[in-house]
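Here is what each chain is made of, one letter per residue.
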Amino acid sequence: MKYWRRPLDLDKVCLPRAEVRIIEERCKGCNYCVTYCPRNVLVTGEKFNSKGYYPPHVKNQDECASCGLCQMICPEFAIYHIVQRPEVAEQSV
Ligand code: SF4
Ligand code: SF4
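Residues numbered from 1 in each chain as written. Chains lettered and ligands numbered in written order. Predicted model: local features only at pLDDT ≥ 70, side-chain atom pairs only at ≥ 80, totals over all residues.

Enquirer: So, the overall build of the protein: which residues are in play, and what are the values?
Expert: When you go through the protein residue by residue, the secondary structure sums to two helices and four strands. Mapped in sequence order, the helices and strands of the protein form the string β-α-β-β-α-β. Across the protein, the fraction of contacts at a sequence separation of at least 24, relative to all contacts at a separation of at least 6, is 68%. (Helix = DSSP H or I, 4+ residues; strand = E, 2+ residues; numbered from the N terminus. Contact = placed C-beta atoms within 7 Å.)

Enquirer: Account for the site of ligand 2, naming residues and giving values.
Expert: Residues in contact with ligand 2 amount to 16 residues; listed here are only the nearest, Cys27, Cys30, Cys33, Cys74 and Ala78. The residue inventory of the shell around ligand 2, partitioned by class, reads twelve nonpolar, two polar and two charged. (Near = placed C-beta within 6 Å. Nonpolar A, V, L, I, M, F, W, Y, C, P; charged D, E, K, R; others polar.)

Enquirer: Got a sec to walk through unusual backbone geometry? Specific residues and values, please.
Expert: One non-glycine residue, Asn31, lies in positive phi territory at about 70 degrees. Along the chain, Asn31 falls in the loop between strand E1 (18–22) and helix H1 (32–36). In the Ramachandran plot, Ser66 falls in the positive-phi region, its phi being about 60 degrees despite a non-glycine side chain.

Enquirer: Tell me about the nonpolar core, and name the residues and values.
Expert: Membership of the largest hydrophobic core is limited to twelve residues, which are Ala18, Cys27, Cys33, Val34, Cys37, Val41, Leu42, Cys64, Cys70, Cys74, Ala78 and Ile79. Setting aside residues no more than four positions away along its own chain, Val34 makes contact with Leu42, Val43, Thr44 and Pro56. (Core = buried A, V, L, I, M, F, W, Y, C linked by C-beta atoms within 7 Å. Buried ≥ 20, exposed ≤ 12 C-beta atoms within 10 Å, placed from the backbone.)

Enquirer: Which residues make up the site of ligand 1, and what values go with them?
Expert: As a structural note, the neighbourhood of ligand 1 is formed by 15 residues, with Cys37, Val41, Cys64, Cys67 and Cys70 the closest of them. Of the residues contributing to the shell around ligand 1, the split by class is eleven nonpolar, three polar and one charged.

Enquirer: Which residues make up the environment of Tyr54, and what are the values?
Expert: The residue Tyr54 is located in the loop between strand E2 (42–44) and strand E3 (56–58) in this model. Along the backbone, Tyr54 and Glu24 are 30 residues apart, and their C-alpha atoms lie at a distance of 8.4 Å.

Enquirer: Explain the environment of Asn49 residue by residue, including any values.
Expert: Within the secondary structure layout, Asn49 lies in the loop between E2 and E3. Looking at Asn49, the number of C-beta atoms within 10 Å reads 17, which means it is partly exposed. A sequence separation of 25 residues divides Asn49 from Glu24, and the C-alpha atoms of the two residues are 6.5 Å apart. In contact with Asn49, other than residues within four places in its own chain, are Glu24, Glu25, Cys27 and Pro55.

Below, the structure written as C-alpha coordinates:
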(Lines give C-alpha, C1' and ligand atoms only; values in the text may rest on other atoms or scores of the structure.)
(Ligands and ions follow the chains in the order given, each with its own letter.)
Protein backbone atom coordinates (compact mmCIF):
# COMPACT_ATOMS: atom_id res chain seq x y z
CA MET A 1 0.00 0.00 0.00
CA LYS A 2 1.28 3.43 -0.89
CA TYR A 3 0.97 6.07 1.80
CA TRP A 4 0.50 9.68 0.84
CA ARG A 5 1.94 10.40 4.28
CA ARG A 6 4.42 8.08 5.96
CA PRO A 7 3.83 7.27 9.66
CA LEU A 8 6.93 7.95 11.77
CA ASP A 9 6.71 4.49 13.38
CA LEU A 10 5.94 2.57 10.19
CA ASP A 11 8.84 0.14 10.63
CA LYS A 12 8.04 -0.55 14.31
CA VAL A 13 4.31 -1.14 14.46
CA CYS A 14 3.01 -4.57 13.50
CA LEU A 15 -0.41 -4.76 11.91
CA PRO A 16 -2.70 -7.69 12.64
CA ARG A 17 -3.29 -10.02 9.74
CA ALA A 18 -6.67 -11.54 9.03
CA GLU A 19 -7.98 -14.45 7.09
CA VAL A 20 -11.10 -13.56 5.11
CA ARG A 21 -13.91 -16.12 4.90
CA ILE A 22 -16.95 -15.98 2.64
CA ILE A 23 -20.25 -17.81 3.13
CA GLU A 24 -20.98 -18.14 -0.56
CA GLU A 25 -24.60 -19.26 -0.27
CA ARG A 26 -25.53 -16.08 1.62
CA CYS A 27 -24.00 -13.74 -0.93
CA LYS A 28 -26.28 -11.72 -3.20
CA GLY A 29 -23.50 -10.47 -5.45
CA CYS A 30 -23.81 -6.77 -4.61
CA ASN A 31 -20.01 -6.37 -4.83
CA TYR A 32 -19.86 -3.84 -1.99
CA CYS A 33 -17.02 -5.79 -0.41
CA VAL A 34 -15.09 -5.92 -3.68
CA THR A 35 -15.63 -2.24 -4.44
CA TYR A 36 -14.81 -0.81 -1.02
CA CYS A 37 -11.97 -3.03 0.22
CA PRO A 38 -9.14 -0.52 0.63
CA ARG A 39 -6.51 -3.05 -0.39
CA ASN A 40 -8.20 -4.74 -3.32
CA VAL A 41 -8.08 -8.11 -1.60
CA LEU A 42 -11.33 -9.29 -3.14
CA VAL A 43 -12.46 -9.84 -6.72
CA THR A 44 -15.77 -10.99 -8.14
CA GLY A 45 -15.76 -14.76 -8.34
CA GLU A 46 -16.31 -16.78 -11.48
CA LYS A 47 -18.59 -19.45 -9.98
CA PHE A 48 -22.19 -18.63 -9.09
CA ASN A 49 -24.03 -19.88 -6.03
CA SER A 50 -27.43 -21.62 -5.90
CA LYS A 51 -29.20 -18.23 -6.09
CA GLY A 52 -27.36 -17.36 -9.28
CA TYR A 53 -25.13 -14.68 -7.76
CA TYR A 54 -21.38 -14.44 -8.05
CA PRO A 55 -19.77 -14.38 -4.59
CA PRO A 56 -16.42 -12.63 -4.18
CA HIS A 57 -13.14 -14.47 -4.27
CA VAL A 58 -10.12 -13.72 -2.09
CA LYS A 59 -7.44 -12.69 -4.57
CA ASN A 60 -4.64 -11.66 -2.26
CA GLN A 61 -4.99 -12.74 1.35
CA ASP A 62 -1.60 -11.33 2.34
CA GLU A 63 -2.68 -7.80 1.51
CA CYS A 64 -5.62 -7.84 3.95
CA ALA A 65 -5.17 -5.15 6.60
CA SER A 66 -7.78 -6.65 8.90
CA CYS A 67 -9.79 -3.44 8.82
CA GLY A 68 -13.10 -5.33 8.94
CA LEU A 69 -14.80 -3.05 6.42
CA CYS A 70 -15.98 -5.94 4.25
CA GLN A 71 -17.57 -7.58 7.28
CA MET A 72 -19.30 -4.35 8.33
CA ILE A 73 -20.53 -3.41 4.88
CA CYS A 74 -21.94 -6.76 3.75
CA PRO A 75 -25.75 -6.56 3.89
CA GLU A 76 -26.10 -10.35 4.04
CA PHE A 77 -23.50 -11.10 6.75
CA ALA A 78 -21.82 -13.29 4.15
CA ILE A 79 -18.21 -12.27 4.75
CA TYR A 80 -16.13 -12.18 7.89
CA HIS A 81 -12.51 -12.15 8.86
CA ILE A 82 -10.56 -13.96 11.51
CA VAL A 83 -7.84 -11.85 13.03
CA GLN A 84 -4.53 -13.59 13.41
CA ARG A 85 -1.55 -12.64 15.52
CA PRO A 86 0.36 -9.51 14.48
CA GLU A 87 3.43 -11.40 13.33
CA VAL A 88 4.19 -9.53 10.18
CA ALA A 89 5.37 -5.96 10.33
CA GLU A 90 4.05 -3.60 7.73
CA GLN A 91 7.06 -3.00 5.52
CA SER A 92 5.64 -1.82 2.23
CA VAL A 93 5.73 1.86 1.54
S1 SF4 B 1 -10.74 -6.84 6.25
FE2 SF4 B 1 -10.42 -4.88 5.13
S3 SF4 B 1 -8.54 -5.17 3.89
FE4 SF4 B 1 -9.28 -7.23 4.55
S5 SF4 B 1 -10.57 -7.95 2.84
FE6 SF4 B 1 -11.94 -6.95 4.33
S7 SF4 B 1 -12.09 -4.79 3.61
FE8 SF4 B 1 -10.32 -5.73 2.59
S1 SF4 C 1 -20.92 -7.50 0.33
FE2 SF4 C 1 -21.70 -9.53 0.99
S3 SF4 C 1 -23.46 -9.92 -0.34
FE4 SF4 C 1 -22.28 -8.26 -1.30
S5 SF4 C 1 -20.86 -9.34 -2.75
FE6 SF4 C 1 -19.76 -9.09 -0.78
S7 SF4 C 1 -20.12 -11.03 0.34
FE8 SF4 C 1 -21.68 -10.88 -1.30
